[in-house]
Amino acid sequence: MSTTYDENDQYLHFSRYARQGLMEIRVNMTNCEKVLAGDFPLRIWAVTDIEAPDADGLPMDEEYQTLVDSEAELLGRINDNGATLYLGHILHQSQLVTVLHSRVQGSSISEGARRLGGSKRQWTVYTASDAEYRFVERKLMPQRAELRRMSDLEVLNALQAANDNPVVPRLLTFYGLFPQQGLAEQAAAVLNENDFTASPPSQIPGTGEYSWSLMFSCMATTEPDVIEQISNLADDICAHYQGKYDGWSADPVTS
């Protein structure tokens, strides 16, 4: 039975601007967490060409679906009881790069294969030892700023759907999580110096890594460039004190 991926896995989709051009990335976060926490030292990446790329080297909608179908066909050939996990793909420079990690033994896709044919696409398959998961962490996984922007966009889209008027200032409430009370208090002091108003940190029930929460607020519009500036500052301050920025919320203003 293949356990390369599951329909209930959590996926993230985001864009990244690299020196070589625009990248569109799809990440299976569920499998990435399994790989980063386990022993999957062999990186496998399968490459196929985009036949009719746009100006950014990305596929048009119709070809994208063909590529996704071809990738699914490729993954369907893996039948090694979880020895190989699908981590996602990267669309970049007129190619689709499918990324997997394997325990090596029993990895049906990596046993000497270099060229693989499919019903719609030909693939070139490469393997390399990557026990420290450098490629996954640096190239595939979303970075802190990208996660923040995805979270910001989710809130902005919800406000837009509620007919929010983004040029009207209103109270924005932000959230941070910290491993220690003292670190949360230090972050609160710096936030108060940067036009935020921070509440005293509160302890979270349980014994998780981030056992202290911090809520802070400011008055601002919800224009995307304003949110980018404010959210980035809040994220940087939380990170400086070993905290995890946990997003923001606001009520829509329709007048």
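About the thresholds
- Residues numbered from 1 in each chain as written.
- Predicted model: local features only at pLDDT ≥ 70, side-chain atom pairs only at ≥ 80, totals over all residues.
- Heavy atoms only, no water.
- Helix = DSSP H or I, 4+ residues; strand = E, 2+ residues; numbered from the N terminus.
- Buried < 20%, exposed > 50% of the residue type's maximum accessible area, 1.4 Å probe, protein only.
- Contact = heavy atoms within 4.5 Å.
- Areas by Shrake-Rupley, 256 points an atom, 1.4 Å probe, with all protein chains shown as cover.
- Lys, Arg positive; Asp, Glu negative; His and termini not counted.
- Charge placed at Lys NZ, Arg CZ, Asp CG, Glu CD.
- Phe/Tyr/Trp six-rings, centres within 6.5 Å; stacked < 30°, edge-to-face > 60°.
- Lys NZ or Arg CZ within 6 Å of the ring centre and 35° of its normal.
- Expected span 1.5 Å × (residues − 1).
- Arc of directions from axis to C-beta.

## Here we look at the overall build of the protein
Counting its regular elements, the protein contains 6 helices and 12 strands. Projected onto the principal axes, the alpha-carbon positions of the protein cover approximately 60 × 40 × 30 Å. By the burial criterion, 44% of the 255 residues in the protein qualify as buried. Looking at the protein alone, contacts between residues at least 24 apart form 72% of all its contacts between residues at least 6 apart. Approximately 13600 Å² of the protein is accessible, and the part contributed by carbon and sulfur atoms is 48%. Of the side chains in the protein, 19 bear a positive and 36 a negative charge, and the two mean positions are spaced by 8 Å.

## Let's talk about the environment of Ile237
If you trace the backbone, Ile237 turns up in helix H6 (residues 224-240). Since its relative accessible area comes to 7%, Ile237 is described here as buried. Put simply, Ile237 and Leu191 are 46 residues apart on the chain and 7.2 Å apart in space, counted from C-alpha to C-alpha. Excluding residues that lie within four positions of it along the chain, Ile237 makes contacts with Ala187, Val190, Leu191 and Asn194.

## Overview of the packing of aromatic side chains
According to the stated counting rule, one finds 4 aromatic pairs in the structure shown. Taking 5.6 Å as the distance between ring centres and 10 degrees as the angle between the ring planes, the aromatic pair formed by Phe174 and Phe216 counts as stacked. Taken together, the residues span a long stretch of sequence, with Phe174 in strand E8 (residues 170-178) and Phe216 in strand E11 (residues 212-220) at a distance of 42 residues. Across the pair, Phe216 and Phe174 agree in class, each one buried. Above the ring of Trp45, the side-chain terminus of Arg43 is found at 4.5 Å from the ring centroid. Note that Arg103 overlies the ring of Phe40, its terminal NZ or CZ placed 4.1 Å from the centroid.

## A word on the side chain of Asp152
Along the chain, the position of Asp152 falls in helix H4 (residues 144-161). According to the relative accessible area criterion, Asp152 is buried, its value standing at 4%. With sequence-adjacent residues up to four places away left out, Asp152 is seen in contact with Ile227, Ser231, Tyr245 and Trp248.

## Looking at H6
Here H6 spans 24 Å end to end across 17 residues, near enough to the 24 Å set by a 1.5 Å rise per residue. Taken together, the buried positions of H6 are Ile227, Ile230, Ser231, Ala234, Asp235, Ile237 and Cys238. Down the axis of H6, the buried set is contained in an arc of 165 degrees. They therefore lie on one face. In H6, the exposed positions angled more than 90 degrees off the buried face are occupied by Asp225, Gln229 and His240. Next to the buried residues of H6 lie H4, E8, helix H5 (181-192), E11 and strand E12 (244-249). Looking one or two places after H6, you find Gln242, whose phi comes out positive at around 60 degrees.

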